[in-house]
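These are the residues of each chain, in order.
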Amino acid sequence: MHKSIALFNHKGGVSKTTTTFNLGWMLAEKGKRVVLVDTDPQCNLTGLILGEKLDDFYTDNPTRNIHAALAPAFLSQPREIAAVDCVEVAGRPGLTLLPGHVNLSEYEVTLGIAQELAGSIQTLKNLPGAFNYLVTKIAEANNADYVLIDMSPSLGSLNQNFLASSDCFLVPTSPDYFSLMAIDSLSAVLPRWAEWARRAHASETLQTAAYPFRELQLKFLGTIVQKFRPRLGGATVGFQTWIDRINTAIRERLVPQLQTHHLTLPEQVYHDAGNSPAESYCLAQIPDFNTLAATSQLHKTPVFALTDPMFGHVGTVLEQDRVKRDQFHGLFSELADRVIALADHA
Ligand SMILES: Nc1ncnc2c1ncn2[C@@H]1O[C@H](COP(=O)(O)OP(=O)(O)OP(=O)(O)O)[C@@H](O)[C@H]1O
Ligand SMILES: [Mg+2]
C-alpha cells in the first residue's frame with residue numbers, strides 16, 4: 001500500500017514544488033517507488049522536470065495530465081477514470097510524474113459546489129471522490145510506495161479536496177513574517193476542512209458514488225524551513241528569529257488545533273523521528289542553495305544529486321561545489337528518513 005503525502009501551505013513561494021521534487025528524488029534514491037503529482041495549475045513541477053520539452057509534451061500527449069485524467073468525472077465523459085501513463089523523471093529511476101495542467105482550475109467552481117452541498121446534488125456526487133480514485137489507480141499501476149502531491153498556494157476547493165484525500169501532509173515554510181501569518185490561518189482552516197471531510201464521508205450519496213469519498217485519514221507529518229542564509233552551520237540571527245517564532249507558532253497554535261481534530265500522530269512518533277531542533281515539528285532546515293540553485297534547474301537535477309560535469313568547474317571551486325552538494329545530500333537524506341518513519345505511522 002502506498003502513502004500519499006501532500007505538500008501544502010497556502011503561502012506562495014515557500015518551496016513546496018522544490019521540496020516535492022527533491023524529496024521525491026531522495027526517496028527514489030533510497031529505493032522507494034515514487035509518483036509526483038502536479039496539482040498546481042501553474043505547473044511549476046512539470047516545468048522543472050520537462051524543461052524545454054514542456055510545450056511539445058502537451059501537444060504530443062494531450063491525455064497524459066491531471067486535467068484529462070479527471071475529465072470523466074468533471075466533464076461527464078462516458079469512460080471511467082483510469083491510471084495515466086506517467087512521465088519518467090530523467091536521471092532518477094523509480095521516480096515518475098503525473099503532469100499538471102493549466103486548465104485544472106476550470107474544475108474549481110463545480111467542485112466547490114459539489115463539496116459545499118456534500119452529496120445533495122446527484123449529478124455532482126462523483127466529483128469529491130474522483131481525485132483519490134485517480135491517485136489510487138496511478139499508485140497501483142506504478143507499484144508506488146509514495147505519492148507526493150505538490151499543491152498550489154490557495155485555500156480553494158481543489159486544495160481542500162486534495163488535502164482531505166491524502167494520508168498525510170508536510171508544511172513547507174520560509175523564515176519570514178508572512179509564513180508566520182500563514183501558520184495562524186492554517187490553524188483555523190485545517191480543522192474546518194477536516195470536519196467538512198468527516199461530514200462528507202458520512203453522506204450516503206457520496207459513499208455510493210462511482211468514486212466514493214474516502215474516510216479522512218489525514219495526519220500532519222511536520223514542517224520544513226527553507227531558503228535561509230546559513231552561518232556556521234545554523235542560520236543568521238535575523239532568520240533564526242523567524243525560524244524560532246514559526247516553530248513556536250506550530251507547537252503552541254497549529255498542533256493543538258490539529259490534535260483536537262485528530263490530525264496528528266502520537267507525540268512519541270514525532271519524538272522518535274529525532275526532529276531538529278528537538279521537540280519541534282521541523283523535519284529539516286534547508287539553507288539557501290545559492291549558486292547551486294541555477295545549476296540544479298539547468299540540469300533538472302536536485303542540488304544534492306549534481307555530478308562533477310554538471311557543475312562546470314574545476315580545482316578549488318569544484319571542491320567547494322562538492323562539499324555543498326554533499327551537505328545538502330545529508331540534509332535531504334535525513335529529511336527522507338524522517339518522512340519514511342513518520343508516514344509509516346500515518
Ligand atoms: N533552498 C532553496 N534555496 C534557494 N532557492 C530556493 C530554495 N528552495 C526554493 N527555492 C526557489 O524559491 C522559489 C520558490 O520555490 P518553489 O517554487 O518551490 O515554491 P512554492 O511554494 O512551490 O511556490 P508556489 O506557492 O508558487 O507554488 C523558486 O524559484 C525556487 O527555485
Ligand atoms: Mg509550487
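Just so we're clear, the structure is a prediction, and the values are computed from it rather than from any experiment.

Definitions and limits used
- Residues numbered from 1 in each chain as written.
- Chains lettered and ligands numbered in written order.
- Predicted model: local features only at pLDDT ≥ 70, side-chain atom pairs only at ≥ 80, totals over all residues.
- Helix = DSSP H or I, 4+ residues; strand = E, 2+ residues; numbered from the N terminus.
- Rg over C-alpha atoms; globule rule 2.2 N^0.38 Å.
- Buried ≥ 20, exposed ≤ 12 C-beta atoms within 10 Å, placed from the backbone.
- Pairing = 2+ DSSP bridges.
- Near = placed C-beta within 6 Å.
- Nonpolar A, V, L, I, M, F, W, Y, C, P; charged D, E, K, R; others polar.
- Expected span 1.5 Å × (residues − 1).
- Axes fitted to C-alpha atoms, helices over the stretch in contact; angles between N-to-C directions.
- Contact = placed C-beta atoms within 7 Å.
- Core = buried A, V, L, I, M, F, W, Y, C linked by C-beta atoms within 7 Å.
- Bend = angle between axes of the 7 residues up to and from the residue.

Engineer: Please set out the overall build of the protein residue by residue, giving values where relevant.
Structural biologist: Each helix and strand in the protein was counted, giving 14 helices and 10 strands. Relative to the 2.2 N^0.38 estimate, which gives 20 Å for 346 residues, the radius of gyration of the protein is 20 Å and therefore close to what a compact globule would have. When the backbone C-alpha atoms are referred to their principal axes, the protein occupies close to 65 × 50 × 30 Å. Per-residue burial over the protein gives 50% buried out of 346 residues.

Engineer: Go over the sheet that holds strand E6 (residues 168-173), please, and point to the residues and values.
Structural biologist: In space, the 8 strands of this open sheet follow the order E3-E4-E2-E5-E1-E6-E7-E10, with mixed pairing throughout. What marks the edges here is a single partner per strand, and that holds for strand E3 (87-88) and strand E10 (282-287). Across 5 bridges, the pairing between strand E1 (residues 3-7) and strand E5 (residues 146-150) is parallel. Across the sheet, Ser4 pairs through a bridge with Val147, a residue of E5.

Engineer: Could you give an account of the site of ligand 1, with specific residues and numbers?
Structural biologist: Looking at ligand 1, there are 18 residues lining it, with Gly12, Lys16, Thr17, Thr18 and Pro153 nearest. Listing elements by their share of the shell around ligand 1, those giving two or more residues are helix H1 (16-29) and strand E7 (219-228). By residue number, the principal contributor to the shell around ligand 1 is H1, which donates 3 residues. Class assignment of the residues belonging to the shell around ligand 1 gives a composition of 5 nonpolar, 9 polar and 4 charged.

Engineer: Before we move on, can you summarise unusual backbone geometry with the specific residues and values?
Structural biologist: Residues apart from glycine generally show negative phi values, whereas peptide bonds are mostly found in trans. In the Ramachandran plot, Ser15 falls in the positive-phi region, its phi being about 85 degrees despite a non-glycine side chain. Mapping Ser15 onto the fold places it in the loop between E1 and H1. In this structure, Asn143 is a non-glycine residue whose phi angle is positive, near 55 degrees. Mapped onto the elements, Asn143 comes out in the loop between helix H6 (130-141) and E5. On the basis of neighbour counts, which here come to 10 C-beta atoms within 10 Å, the residue Asn143 falls in the exposed class.

Engineer: How would you sum up H1? Please name residues and give values.
Structural biologist: In a regular helix each residue adds 1.5 Å, so 14 residues correspond to 20 Å; H1 covers 20 Å between its end C-alpha atoms and thus fits that length. Counted residue by residue, H1 has 14 buried out of 14 residues, so it is predominantly covered. Looking one or two places after H1, you find Gly31, whose phi comes out positive at around 95 degrees.

Engineer: For the packing of helix H5 (residues 108-116) against helix H7 (residues 157-164), give the residues involved together with the corresponding values.
Structural biologist: Where H5 contacts H7, the two axes come as close as 8 Å, and the packing angle between them is 60 degrees. Each of Glu108, Leu111, Gly112 and Gln115 in H5 lies in contact with H7, whose residues at this interface are Ser157, Leu158, Gln160 and Asn161. By residue class, the composition of the contact of H5 with H7 is 2 nonpolar, 5 polar and 1 charged.

Engineer: How would you sum up the nonpolar core? Please name residues and give values.
Structural biologist: The biggest cluster of nonpolar side chains holds 105 residues, and the ones touching the most others in it are Ile5, Leu70, Ala130, Leu148, Phe169 and Leu221. Setting aside residues up to four positions removed in sequence, Leu70 forms contacts with Ile81, Tyr107, Ala130, Phe131 and Leu134.

Engineer: Could you give an account of the pairing of E5, with specific residues and numbers?
Structural biologist: Of all 5 residues that make up E5, 5 are buried, and the element is covered over most of its length. Of the two faces of E5, the one lined by Tyr146, Leu148 and Asp150 and the one lined by Val147 and Ile149 are each fully buried. Inspection of the sheet shows strand E2 (residues 34-38) paired to E5 by 5 bridges, in the parallel sense. Of the residues in E5, the one forming a bridge with Val37 is Ile149.

Engineer: Any details on the environment of Gly31? Residues and values, ideally.
Structural biologist: Along the chain, Gly31 falls in the loop between H1 and E2. Counting along the chain gives 146 residues from Gly31 to Tyr177, while the straight-line C-alpha distance between them is 38 Å.

Engineer: Describe the environment of Thr236, listing the residues and the values that go with them.
Structural biologist: With respect to the helices and strands, Thr236 occurs in the loop between strand E9 (234-235) and helix H10 (237-260). Look at Thr236 and you get partly exposed, because 14 C-beta atoms sit within 10 Å. For Thr236 and Leu27, which are 209 residues apart along the polypeptide, the C-alpha to C-alpha distance reads 30 Å.

Engineer: Before we move on, can you summarise H10 with the specific residues and values?
Structural biologist: Taking 1.5 Å per residue, 24 residues should reach 34 Å; H10 reaches 34 Å between its end C-alpha atoms and fits that length. When the local axis directions of H10 are compared, the greatest deviation, roughly 35 degrees, occurs at Ile250. Turning to H10, its buried residues are Phe239, Trp242, Ile243, Ile246, Asn247, Ala249, Ile250, Leu254 and Leu258. Taken together, the buried residues of H10 touch E6, helix H8 (177-202), E7, E9 and E10.

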